[in-house]
Amino acid sequence: MHDILDLDRFPLHRPHTPDWQALVDRCRADLAAEGMFNLDGLMRPGIAAQAVAETAPRFAADAFLHERTHNIYFKPVEGLPPDHPALRQFQTSNRTLCADQIAGSALLRLYEWPQFATFLAATMDKPELHVMEDPLACVNVMSYREGQALNWHFDRSEFTTTLLLQAPDQGGGFEYRTDLRSDGDPNYDGVARLLRGEDPESKVITLSPGTLNVFKGKNTAHRVTPVKGARERVIAVFSYYERPGVTFSDAERLGFYGRAS
(Lines give C-alpha, C1' and ligand atoms only; values in the text may rest on other atoms or scores of the structure.)
Protein backbone atom coordinates (compact mmCIF):
# COMPACT_ATOMS: atom_id res chain seq x y z
CA MET A 1 0.00 0.00 0.00
CA HIS A 2 3.03 2.28 0.13
CA ASP A 3 2.51 3.04 -3.55
CA ILE A 4 -0.90 4.63 -2.97
CA LEU A 5 -0.79 5.83 0.66
CA ASP A 6 1.63 7.99 2.64
CA LEU A 7 2.32 5.37 5.30
CA ASP A 8 5.34 7.27 6.61
CA ARG A 9 3.04 9.99 7.99
CA PHE A 10 0.09 7.69 8.63
CA PRO A 11 1.31 4.22 9.72
CA LEU A 12 -1.92 2.32 9.12
CA HIS A 13 0.13 -0.73 8.17
CA ARG A 14 1.52 -1.16 11.70
CA PRO A 15 -1.51 -1.83 13.93
CA HIS A 16 -1.09 -1.43 17.69
CA THR A 17 2.41 0.03 17.50
CA PRO A 18 3.05 3.27 19.44
CA ASP A 19 2.95 5.44 16.28
CA TRP A 20 -0.26 3.78 15.11
CA GLN A 21 -1.85 4.20 18.54
CA ALA A 22 -0.85 7.86 18.68
CA LEU A 23 -2.60 8.44 15.35
CA VAL A 24 -5.70 6.59 16.55
CA ASP A 25 -5.75 8.65 19.75
CA ARG A 26 -5.48 11.87 17.75
CA CYS A 27 -8.37 10.83 15.51
CA ARG A 28 -10.51 9.84 18.50
CA ALA A 29 -9.85 13.21 20.11
CA ASP A 30 -10.87 15.04 16.93
CA LEU A 31 -14.05 12.97 16.68
CA ALA A 32 -14.93 13.84 20.25
CA ALA A 33 -14.20 17.54 19.87
CA GLU A 34 -15.30 18.24 16.28
CA GLY A 35 -17.41 15.27 15.25
CA MET A 36 -14.87 14.36 12.53
CA PHE A 37 -11.23 13.78 11.74
CA ASN A 38 -9.23 14.39 8.57
CA LEU A 39 -6.02 12.78 7.34
CA ASP A 40 -4.85 15.33 4.81
CA GLY A 41 -2.73 13.61 2.15
CA LEU A 42 -3.34 10.00 3.17
CA MET A 43 -3.67 9.06 -0.50
CA ARG A 44 -0.77 10.25 -2.61
CA PRO A 45 -1.79 13.16 -4.88
CA GLY A 46 -0.72 11.37 -8.04
CA ILE A 47 -2.85 8.34 -7.16
CA ALA A 48 -5.89 10.52 -6.47
CA ALA A 49 -5.41 12.24 -9.83
CA GLN A 50 -4.99 8.86 -11.53
CA ALA A 51 -8.26 7.66 -9.98
CA VAL A 52 -10.03 10.73 -11.38
CA ALA A 53 -8.58 10.11 -14.83
CA GLU A 54 -9.58 6.43 -14.74
CA THR A 55 -13.15 7.17 -13.73
CA ALA A 56 -13.71 10.04 -16.16
CA PRO A 57 -14.73 7.82 -19.14
CA ARG A 58 -17.07 5.81 -16.94
CA PHE A 59 -18.68 8.99 -15.60
CA ALA A 60 -19.18 10.17 -19.17
CA ALA A 61 -20.73 6.92 -20.39
CA ASP A 62 -22.14 4.86 -17.53
CA ALA A 63 -22.70 6.92 -14.37
CA PHE A 64 -26.14 7.09 -12.79
CA LEU A 65 -27.50 10.63 -12.62
CA HIS A 66 -29.02 10.86 -9.17
CA GLU A 67 -31.48 13.74 -8.96
CA ARG A 68 -34.15 14.10 -6.33
CA THR A 69 -36.08 16.59 -4.25
CA HIS A 70 -36.02 15.70 -0.59
CA ASN A 71 -36.10 16.90 2.99
CA ILE A 72 -33.21 16.45 5.39
CA TYR A 73 -34.56 13.01 6.38
CA PHE A 74 -35.25 11.77 2.84
CA LYS A 75 -38.75 10.79 3.98
CA PRO A 76 -41.90 12.06 5.73
CA VAL A 77 -41.64 12.30 9.51
CA GLU A 78 -44.49 10.96 11.61
CA GLY A 79 -45.98 13.68 13.79
CA LEU A 80 -44.68 16.60 11.73
CA PRO A 81 -46.95 18.40 9.25
CA PRO A 82 -45.57 18.56 5.68
CA ASP A 83 -45.11 22.33 5.97
CA HIS A 84 -43.00 22.16 9.14
CA PRO A 85 -39.78 24.18 8.59
CA ALA A 86 -37.66 21.13 9.51
CA LEU A 87 -39.11 19.43 6.42
CA ARG A 88 -38.04 22.09 3.95
CA GLN A 89 -37.40 20.62 0.50
CA PHE A 90 -34.05 20.71 -1.29
CA GLN A 91 -32.61 19.51 -4.59
CA THR A 92 -29.72 17.02 -4.78
CA SER A 93 -27.90 16.18 -7.99
CA ASN A 94 -24.76 14.15 -8.67
CA ARG A 95 -23.45 11.31 -10.80
CA THR A 96 -22.49 8.00 -9.18
CA LEU A 97 -20.27 5.08 -10.11
CA CYS A 98 -20.62 1.81 -8.23
CA ALA A 99 -17.94 -0.61 -7.06
CA ASP A 100 -18.46 -2.93 -10.04
CA GLN A 101 -17.56 -0.01 -12.34
CA ILE A 102 -14.14 0.62 -10.75
CA ALA A 103 -12.76 -2.94 -10.72
CA GLY A 104 -9.00 -3.10 -10.18
CA SER A 105 -8.80 0.46 -8.89
CA ALA A 106 -6.64 1.79 -6.06
CA LEU A 107 -9.87 2.67 -4.29
CA LEU A 108 -10.97 -0.96 -4.10
CA ARG A 109 -7.47 -1.99 -3.04
CA LEU A 110 -7.69 0.43 -0.15
CA TYR A 111 -11.23 -0.57 0.78
CA GLU A 112 -10.39 -4.28 0.89
CA TRP A 113 -7.07 -3.82 2.74
CA PRO A 114 -7.67 -5.32 6.21
CA GLN A 115 -5.49 -2.78 8.01
CA PHE A 116 -7.71 0.05 6.76
CA ALA A 117 -10.78 -1.45 8.43
CA THR A 118 -8.74 -2.19 11.57
CA PHE A 119 -7.63 1.43 11.79
CA LEU A 120 -11.11 2.84 11.19
CA ALA A 121 -12.63 0.52 13.79
CA ALA A 122 -10.09 1.69 16.36
CA THR A 123 -10.78 5.38 15.68
CA MET A 124 -14.52 4.75 16.04
CA ASP A 125 -14.00 2.63 19.18
CA LYS A 126 -15.57 -0.40 17.50
CA PRO A 127 -14.43 -4.01 18.07
CA GLU A 128 -14.19 -4.56 14.31
CA LEU A 129 -15.55 -3.41 10.97
CA HIS A 130 -16.45 -5.53 7.95
CA VAL A 131 -16.51 -4.75 4.26
CA MET A 132 -19.93 -4.61 2.69
CA GLU A 133 -20.81 -7.60 0.51
CA ASP A 134 -22.94 -5.52 -1.82
CA PRO A 135 -21.20 -5.44 -5.24
CA LEU A 136 -22.66 -2.02 -6.04
CA ALA A 137 -22.77 -0.17 -2.72
CA CYS A 138 -19.53 -1.08 -0.93
CA VAL A 139 -17.57 1.72 -2.64
CA ASN A 140 -19.15 4.56 -4.59
CA VAL A 141 -17.45 7.38 -6.48
CA MET A 142 -19.50 10.54 -6.84
CA SER A 143 -19.00 13.49 -9.17
CA TYR A 144 -20.49 16.97 -8.87
CA ARG A 145 -20.45 19.27 -11.90
CA GLU A 146 -21.16 22.99 -11.91
CA GLY A 147 -24.46 23.67 -10.17
CA GLN A 148 -24.74 20.20 -8.68
CA ALA A 149 -24.83 19.66 -4.92
CA LEU A 150 -25.55 17.09 -2.25
CA ASN A 151 -28.07 18.87 -0.10
CA TRP A 152 -28.81 18.78 3.62
CA HIS A 153 -29.28 15.30 5.08
CA PHE A 154 -28.44 12.91 7.88
CA ASP A 155 -26.76 9.59 7.08
CA ARG A 156 -28.19 6.23 8.07
CA SER A 157 -24.88 4.99 9.50
CA GLU A 158 -23.23 6.24 12.68
CA PHE A 159 -20.00 7.12 10.88
CA THR A 160 -19.30 8.12 7.28
CA THR A 161 -15.94 7.53 5.57
CA THR A 162 -14.94 9.45 2.44
CA LEU A 163 -11.80 10.26 0.47
CA LEU A 164 -11.67 13.35 -1.73
CA LEU A 165 -10.11 12.71 -5.14
CA GLN A 166 -10.55 16.10 -6.81
CA ALA A 167 -11.60 19.52 -5.54
CA PRO A 168 -13.62 21.88 -7.77
CA ASP A 169 -12.56 25.35 -8.88
CA GLN A 170 -15.04 26.92 -6.46
CA GLY A 171 -17.81 25.76 -4.17
CA GLY A 172 -18.13 22.11 -3.23
CA GLY A 173 -17.45 22.88 0.41
CA PHE A 174 -18.40 20.40 3.11
CA GLU A 175 -20.86 22.15 5.43
CA TYR A 176 -21.84 20.40 8.63
CA ARG A 177 -23.41 20.84 12.03
CA THR A 178 -22.09 18.31 14.54
CA ASP A 179 -24.54 16.59 16.91
CA LEU A 180 -27.53 18.59 15.72
CA ARG A 181 -29.72 15.81 17.01
CA SER A 182 -29.28 12.77 19.23
CA ASP A 183 -30.80 9.31 19.31
CA GLY A 184 -33.19 10.53 21.99
CA ASP A 185 -33.88 14.07 20.77
CA PRO A 186 -34.70 14.86 17.11
CA ASN A 187 -34.35 18.62 17.82
CA TYR A 188 -36.74 19.66 15.06
CA ASP A 189 -36.53 23.32 16.08
CA GLY A 190 -32.75 23.20 15.81
CA VAL A 191 -33.00 21.54 12.41
CA ALA A 192 -35.33 24.31 11.24
CA ARG A 193 -32.87 26.97 12.44
CA LEU A 194 -30.04 25.31 10.53
CA LEU A 195 -32.08 25.14 7.33
CA ARG A 196 -32.87 28.85 7.67
CA GLY A 197 -29.14 29.59 7.94
CA GLU A 198 -29.45 30.67 11.58
CA ASP A 199 -27.19 28.13 13.32
CA PRO A 200 -23.89 29.74 14.41
CA GLU A 201 -22.33 26.31 15.00
CA SER A 202 -22.59 25.30 11.34
CA LYS A 203 -19.14 25.09 9.72
CA VAL A 204 -17.79 24.80 6.17
CA ILE A 205 -14.47 23.15 5.37
CA THR A 206 -12.67 22.69 2.06
CA LEU A 207 -10.74 19.46 1.72
CA SER A 208 -7.70 18.85 -0.48
CA PRO A 209 -7.37 15.82 -2.79
CA GLY A 210 -6.18 12.70 -1.01
CA THR A 211 -7.80 13.63 2.30
CA LEU A 212 -9.56 10.94 4.30
CA ASN A 213 -12.57 12.38 6.14
CA VAL A 214 -14.46 10.44 8.81
CA PHE A 215 -17.43 12.03 10.58
CA LYS A 216 -20.44 11.18 12.69
CA GLY A 217 -22.95 11.17 9.86
CA LYS A 218 -26.01 9.85 11.67
CA ASN A 219 -26.60 12.86 13.91
CA THR A 220 -24.51 15.44 12.06
CA ALA A 221 -26.47 17.38 9.46
CA HIS A 222 -24.30 17.95 6.41
CA ARG A 223 -24.27 18.91 2.76
CA VAL A 224 -21.95 19.67 -0.16
CA THR A 225 -22.41 23.25 -1.31
CA PRO A 226 -23.03 23.84 -5.06
CA VAL A 227 -20.00 23.37 -7.29
CA LYS A 228 -18.84 26.28 -9.44
CA GLY A 229 -16.49 26.19 -12.42
CA ALA A 230 -15.44 23.60 -14.99
CA ARG A 231 -13.57 21.34 -12.56
CA GLU A 232 -15.72 18.65 -10.97
CA ARG A 233 -15.71 17.60 -7.34
CA VAL A 234 -14.97 13.86 -7.19
CA ILE A 235 -15.15 11.86 -3.96
CA ALA A 236 -15.11 8.19 -2.94
CA VAL A 237 -17.39 6.84 -0.21
CA PHE A 238 -16.45 3.64 1.67
CA SER A 239 -19.12 1.61 3.50
CA TYR A 240 -18.19 -0.63 6.43
CA TYR A 241 -20.45 -2.32 8.98
CA GLU A 242 -20.05 -3.83 12.42
CA ARG A 243 -21.51 -7.13 11.21
CA PRO A 244 -20.53 -9.14 8.13
CA GLY A 245 -22.72 -9.86 5.13
CA VAL A 246 -24.53 -6.52 4.77
CA THR A 247 -26.12 -5.78 1.38
CA PHE A 248 -28.71 -3.35 0.04
CA SER A 249 -32.13 -4.53 -1.07
CA ASP A 250 -33.05 -4.40 -4.75
CA ALA A 251 -35.30 -1.42 -4.01
CA GLU A 252 -32.45 0.45 -2.34
CA ARG A 253 -30.11 -0.24 -5.27
CA LEU A 254 -32.74 0.97 -7.72
CA GLY A 255 -33.21 4.16 -5.71
CA PHE A 256 -29.52 4.93 -5.34
CA TYR A 257 -28.12 3.57 -8.61
CA GLY A 258 -30.99 3.07 -11.03
CA ARG A 259 -30.33 -0.69 -11.26
CA ALA A 260 -30.63 -3.73 -9.03
CA SER A 261 -27.50 -5.54 -10.23
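Residues numbered from 1 in each chain as written. Predicted model: local features only at pLDDT ≥ 70, side-chain atom pairs only at ≥ 80, totals over all residues. Heavy atoms only, no water.

Visitor: Quick rundown of the sheet that holds strand β2 (residues 64-70)? Include the residues and the values.
Guide: Hydrogen bonds along the backbone pair up the strands of a sheet, which may run parallel or antiparallel. Pairing within the open sheet is antiparallel, and its seven strands lie in the order β1-β11-β7-β14-β5-β3-β2. Both outer strands of the open sheet, β1 (36-39) and β2, are each paired with one neighbouring strand and no more. Each strand axis lies, on average, 25 degrees off the axis of its neighbour in the sheet, ignoring direction. Here β1 pairs with strand β11 (residues 212-215) via four bridges, running antiparallel. (Pairing = 2+ DSSP bridges. Helix = DSSP H or I, 4+ residues; strand = E, 2+ residues; numbered from the N terminus. Axes fitted to C-alpha atoms, helices over the stretch in contact; angles between N-to-C directions.)

Visitor: Which residues make up the pairing of strand β3 (residues 90-97), and what values do they have?
Guide: Burial analysis of β3 places seven of its eight residues in the buried class, which makes it a mostly covered element. The pairing of β2 with β3 spans seven bridges and is classified as antiparallel. Its bridge partner being in β3, Glu-67 is matched across the sheet by Ser-93. Sheet topology places β3 next to strand β5 (residues 139-144); three bridges connect them, and they run antiparallel. Each residue of the ladder has a partner; that of Arg-95, found in β5, is Ser-143. (Buried < 20%, exposed > 50% of the residue type's maximum accessible area, 1.4 Å probe, protein only.)

Visitor: Residues and numbers for the pairing of strand β14 (residues 233-238), please.
Guide: Counting buried residues in β14 gives six out of six residues, a clear majority hidden from the surface. On β14, burial covers both faces: Arg-233, Ile-235 and Val-237 on one face and Val-234, Ala-236 and Phe-238 on the other are all buried. Here β5 runs beside β14; their pairing, made up of six bridges, is antiparallel. Paired with Tyr-144 across the bridge in β14 is Arg-233. Here five bridges tie strand β7 (residues 160-166) to β14, and the two strands are oriented antiparallel to one another. If you follow Thr-162 over to β14, its bridge partner there is Val-237.

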